[in-house]
Structure formats: structure tokens, C-alpha cells
Amino acid sequence: MMLDKADLAQEARTLDAGDRISSICAHYEQPKGWIFFDANSVGPAPKTARKAASDLMDDWVNLRRRGWAERDWVDMPAILGDRIAPMIGAGPGEVVVCDNTTVNLYKATGHALAVNKDRATIVTQAENFPTDLHVLQGFERFCDRPVEIRHVDTEEEAIAAMDDTVVLGSFSHVGYKSGIRWDMEKINAAAHEKGALVLWDVSHSAGAVPIDARGSNADYIVGCGYKYLSTGPGGPAYIYVRPDLAERAWPPMCGWMGHADIYAFSGNYEPHTGIKRFISGTPMVGANAIARCAADIYEKYEPGDIWARHRSLSEFFVRALETMCGKLGVEVTSPANYDRRGGHVSFRAPGAGRVVEALIDKKVVASFRKPDSIRFGISPTALTHQDIHEAVRRLHDILETEIWRDPKYENVSV
Ligand SMILES: *Cc1c(COP(=O)(O)O)cnc(C)c1O
């Protein structure tokens, strides 16, 4: 059904009025007039983060080393892990928040190679995110045996590439460019049938769309926190390892904070039980203090409600985009079926990179990916349907007036 513009404005108001968890937006600080669609890059800021940063300064100045005893700095990887676990369908004690995604990809990949020493083929998406591919290329160079990397483009190819030489499938749950979401359960089952393990990078899906670590029988899940999960710029990442798998090998990065007894200060490494062996060194106390503000918000809401909100906002965005900008050359390139999409919606538009610059002048922040893709990361926690309608209205004006052709929009930022 095609709606006209007036209907869309009314629909946005109706959807917001019927939104059961619209209160969630009030937890985030947002500069007036601006509408942010970069949750796929840096998620919205919890209002409590300012005080958390300032409290940390007080602790630093006043407590110094006593902070380790008087605050829960050491326990934060596990505390934060438990809070975000429901957002990836994991249970308590199954996730730790630590390091960045790259380091966690390394830990999971090395662990899989240690669990099954008879195999060394790794299947991955040709268009996987660069850092995911680089980690595999590092193992290709430094593993104790020759590693073969098999590149695939589709789920069908990934399933067909699984054979009894494959140790690991390393996949992005959602393609950072295409926005295409893979079926974790289906891929996991196909890999397991051949005795292979699967590592999922959920950076572009966690906090936006449903993820079921347990139900899908995932082996490893890693992702970054600073996107939809709002752990702040440079915020910590996380890692989940299937509980019965975690203890089958040492992590490839053995550190004192993953030791069975941190305070024994033993010279001999002995891995902690369960997921805690995947902690490396000193937790990022400052980043964790900020991340905790986001994690506290997740405790107040059901993941299912957040995912439903993301779905409603995203579907409304696509509808508004096609209705208001379809005639101006906009073409949605993300899958039409919501269940095949991740957190963001990608579309092509004339002058894409320049349009994104012109949008900033109109206080709408989205992102551009070469050659002609505009990405709108839909935050399920901070946006309303009326925000989306207003942003699409501003986009429409830019496309209709062709103001993006102005030379001042020539320099396209990332
Ligand atoms: C953003 C992103 C990362 C980020 O990796 P870092 O090591 O945290 O910088 C990794 N993988 C994917 C798929 C991403 O989208």
C-alpha cells in the first residue's frame, strides 16, 4: 500500500502513541534538532554517562590503587557480560565484555584451531568486514599448520563449503555493506554436521535484531559494544563461547586476568573455568564505567520489546523512504524482508556521498560507503517514528532541490 506524505506524518504519530516502550528514549542525551542514524557506528549516549565519567575521575584522584578493592573494576567484564547477555540470547556467566572486536575474533579463532588440531580450513565471507578477514590472514601466516581460507558470498555457498577439513566458519551475522542478515541456526547446523565450529561477528546486529546464542547453538559470538549497544566511543567489545566448548582448549591469548586465580600471582598459566579464561589483561576501567550506563538501561527492558521497536522503526523508515524519495532516484538495496536485514538500512541515491554531507547541514547524521551506498543505522533505543519521518522529509528536500551538487559538499567524510 502506498501512502501519501500526509498519511505518513499521521502514521508516525500513531505509531509513537502506541509504542509500549517509548520511555526508553528518555534515557539518552540528544542535542536538540539533530537526528542521528549512526547507531551502526556510534550508538546514542546514555544520560547517566556524564556522571559516570566524572565519578571515575573522583575515584582516580581519591582512591588510586584502593579503587581495585573498593570498586568493582576487576569484575566489570563479567558484570557487563551478564547484563548484555540477553541481547544475544546468552545466559549469565556466558559472556564477558573486554578488549575490542578484533582481539576477540583472534581469541575465538585461535581457540577453534586449538580445539580441533586435525583441521585448518576456515570459511568466511569474501565481503566480510576487513578486520575479520585480517585476523584470518594473520592465522594464515602464523598458525602452527597451513591454514586455507575459503571465501564465499552466500549462505548456500557457505553451507556447500563445509566439509571435513573445515575447522571454523567465521561469518558476520549482518554484512556491513549489504545489510544482509544470515540465518545463524541454519549455518550452525550445517557446520556442526561436518564437525566444524562457527564464529559469528554480531557487530551490526546486536542490540537491534534478535540473536539467540543458545537457541541457534552458536559456538562463538563476538561483537563491538559501541554501535547499537551504546557503550560509547571506543567502548569495549564482548565474547560468548558455548559453555561446553570454552574449556576444551586454552585461549590463544593467555593473560593474568584470565587465570584461574588472579591474586595467586602464579608464574604458571592455568586457565579460569568457563568464559573468564577469555579475559586477557586489566579491564578498561574508564570505558567500562561508560559502558555500564548502557548496560543498566538494558536491564530495564525486555530484549523482545527492543527488537520489536527496531522492526517497527525500520519498516516505517523503508516505507517513508520509498514513498517520499522513490521518485527522486532512491533505491533501497537492503533486503526487502525484515528478517533478512540487520540494524541498518542501505540505499542508493544520486550523489550519495554528497547527500550524506548535505544531510549533516540539515542536522541528520547518516553514513556513506563507497561507491554509492547510504546507510541509516536505526537505533531502537533513541529514535521515534516521528524522528524518522522528519529525517526522510529533510532527505527529500536535499534530493528535490539537488542542493547536494553544491561544491561545499564535495569533501565526503567517513
Ligand atoms: C565495527 C565492526 C568491527 C570493529 O572491530 P574493532 O576491533 O572493535 O574495531 C568488527 N567487525 C565488524 C563486522 C564491525 O562492523
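Just so it is clear, the structure is predicted and the values come from calculations on it, not from any experiment.

Trainee: What's the story with the packing of aromatic side chains in this structure? I'm lost.
Mentor: The relative placement of two aromatic rings is captured by the distance of their centres and the angle of their planes. Applying the stated criterion to the full structure yields 13 aromatic pairs. Consider the rings of Trp-250 and Tyr-269, whose centres lie 4.8 Å apart with planes at 75 degrees: the pair is edge-to-face. Residue Trp-250 is found in the loop between helix H9 (243–246) and helix H10 (285–300), and its partner Tyr-269 is found in the loop between H9 and H10; the two are separated by 19 residues along the sequence. For Trp-250, a relative accessible area of 47% translates into the label partly exposed.

Trainee: So what exactly am I meant to see when it comes to the nonpolar core here?
Mentor: In globular proteins that are soluble, nonpolar side chains generally tend to be buried together. By size, the foremost hydrophobic cluster in this structure holds 44 residues, and its most contacted members are Ile-88, Val-95, Phe-171, Trp-200, Val-202, Ile-221 and Tyr-238. For this core, the leading source of residues is H10, giving four residues. Shared between two domains, this core takes at least three residues from each, and those domains are domain 1 (5–47 + 302–409) and domain 2 (72–298). With sequence-adjacent residues up to four places away left out, Ile-88 is seen in contact with Val-95, Val-202, Ala-206, Ile-211, Asp-212, Ala-213, Ile-221, Tyr-238 and Tyr-240.

Trainee: How should the site of the ligand be read in this particular structure?
Mentor: The immediate surroundings of the ligand are formed by 13 residues, with Thr-101, Thr-102, Asp-201, His-204 and Lys-227 found nearest. Take Asp-201: an N or O atom from its side chain is 2.7 Å from a nitrogen atom of the ligand. Contact distances for the ligand include 2.5 Å between an oxygen atom and a side-chain N or O atom of Lys-227. For the ligand, whose accessible area on its own is 390 Å², the fraction buried by protein is 87%.

Trainee: How should I be thinking about the packing of helix H11 (residues 303–325) against helix H13 (residues 385–401) in this particular structure?
Mentor: Angle between the axes and distance between the axes are the two parameters that describe a pair of packed helices. H13 packs onto H11 with a crossing angle of 25 degrees between their chain directions and a minimal axis gap of 10 Å. Here H13 runs roughly parallel to H11, going by the angle between their axes. In this structure, H11 crosses over H13, and the sense of that crossing is right-handed. When H11 is examined against H13, the residues Ser-312, Leu-313, Phe-316, Phe-317, Ala-320, Leu-321, Met-324 and Cys-325 are found in contact with a partner set consisting of His-385, Ile-388, His-389, Val-392, Arg-393, Leu-395, His-396 and Leu-399.

Trainee: Would you take a moment to explain the pattern of salt bridges for this structure?
Mentor: Side chains that carry opposite charge are capable of pairing whenever their charged atoms lie near each other. Across all of its chains, the model carries 29 salt bridges by this definition. A salt bridge links Asp-296 to Arg-83; the shortest N-O distance between them is 2.3 Å. Of this pair, Asp-296 sits in helix H10 while Arg-83 sits in helix H4 (residues 76–84); the two residues are 213 residues apart in sequence, bridging distant segments of the chain. Using a relative accessible area of 28% as the deciding quantity, one classes Asp-296 as partly exposed. Owing to a relative accessible area of 17%, Arg-83 belongs among the buried residues under this scheme. Overlapping salt bridges bring together Glu-390, Arg-393, Arg-394 and Asp-397 as one network.

Trainee: Got a minute to help me understand a nonpolar patch on the surface in this structure?
Mentor: Taken together, the side chains of Met-57, Trp-60 and Val-61 present a nonpolar region at the surface, about 360 Å² in accessible area. Here Met-57 shows up in helix H2 (residues 49–63).

Trainee: Is there a simple way to explain the sheet that holds strand S9 (residues 220–224) in this structure?
Mentor: Remark on secondary structure: sheet strands pair via backbone hydrogen bonds, oriented parallel or antiparallel. Spatial strand order, S4-S10-S9-S8-S7-S5-S6: seven strands in an open sheet with mixed pairing. Bordering the open sheet on either side are strand S4 (95–97) and strand S6 (148–152), each of which pairs with just one other strand. Adjacent strand axes in the sheet meet at a mean angle of 15 degrees, parallel and antiparallel pairs treated alike. In this sheet, strand S7 (residues 166–172) lies alongside strand S5 (residues 121–125) in parallel orientation, the contact comprising four bridges. Bridge assignment links Thr-124 to a residue of S7, and that residue is Ser-170. In the packing of H4 onto the sheet, the strands contacted are S4 and strand S10 (237–241), and the crossing angle to S4 comes to about 120 degrees.

Trainee: Would you mind showing me how to read the domain arrangement of the chain here?
Mentor: Frequently, the measure chosen for interface size is the accessible area removed from exposure when the parts meet. Parsing the chain into structural domains produces domain 1 (5–47 + 302–409) and domain 2 (72–298). The C-alpha centroid of domain 2 is placed 29 Å from the C-alpha centroid of domain 1. Counting from both sides, the interface comprises 31 residues of domain 1 and, opposite them, 28 residues of domain 2. Counting the surface domain 1 buries against domain 2, the share from its top three residues, Pro-46, Trp-307 and Arg-340, is 26%. On the surface where domain 1 and domain 2 come into contact, there are one salt bridge. Glu-155 is the salt-bridge partner of Arg-340, the closest N and O atoms lying 3.1 Å from each other. One can count 17 residue pairs in polar contact (both at pLDDT 80 or more) joining domain 1 with domain 2. No other element matches H11, which puts four residues into the side of domain 1 that touches domain 2. Residues belonging to the side of domain 1 that touches domain 2 are distributed by class as follows: 13 nonpolar, 13 polar and five charged.

Trainee: I'm lost on the side chain of Asn-116 in this one. Help?
Mentor: Following the sequence through the fold, Asn-116 ends up in the loop between helix H5 (101–115) and S5. Given a relative accessible area of 16%, Asn-116 falls into the buried group. If we ignore the near neighbours within four places in the chain, the residues touching Asn-116 are Arg-145, Val-167 and Gly-195.

Trainee: Would you explain the pairing of strand S12 (residues 344–348) in this entry?
Mentor: A regular strand places its side chains so that they alternate between the two faces of the sheet. For S12, a buried count of four out of five residues is recorded, marking the element as mostly surrounded by other parts of the structure. In this structure, strand S11 (residues 331–332) lies alongside S12, joined through two bridges in antiparallel fashion. The residue bridging Glu-331 from the neighbouring strand is Arg-348, located in S12.

Conventions used here
Residues numbered from 1 in each chain as written. Predicted model: local features only at pLDDT ≥ 70, side-chain atom pairs only at ≥ 80, totals over all residues. Heavy atoms only, no water. Phe/Tyr/Trp six-rings, centres within 6.5 Å; stacked < 30°, edge-to-face > 60°. Helix = DSSP H or I, 4+ residues; strand = E, 2+ residues; numbered from the N terminus. Buried < 20%, exposed > 50% of the residue type's maximum accessible area, 1.4 Å probe, protein only. Core = buried A, V, L, I, M, F, W, Y, C linked by side-chain atoms within 4.5 Å. Domains from an automatic or database assignment. Contact = heavy atoms within 4.5 Å. Near = heavy atom within 4 Å. Polar contact = N/O pair within 3.5 Å; in protein donor to acceptor, adjacent residues only side chain to side chain. Areas by Shrake-Rupley, 256 points an atom, 1.4 Å probe, with all protein chains shown as cover. Axes fitted to C-alpha atoms, helices over the stretch in contact; angles between N-to-C directions. Parallel < 35°, antiparallel > 145°, perpendicular 65-115°, else oblique. Left-handed = near helix turned anticlockwise from the far one by under 90°. Salt bridge = Lys/Arg side-chain N within 4 Å of Asp/Glu carboxyl O. Patch = residues over 30% accessible without salt bridge, like charges linked within 9 Å, V, L, I, M, F, W, Y side chains within 5 Å. Pairing = 2+ DSSP bridges. Buried area = accessible area lost by both parts, 1.4 Å probe. Nonpolar A, V, L, I, M, F, W, Y, C, P; charged D, E, K, R; others polar.

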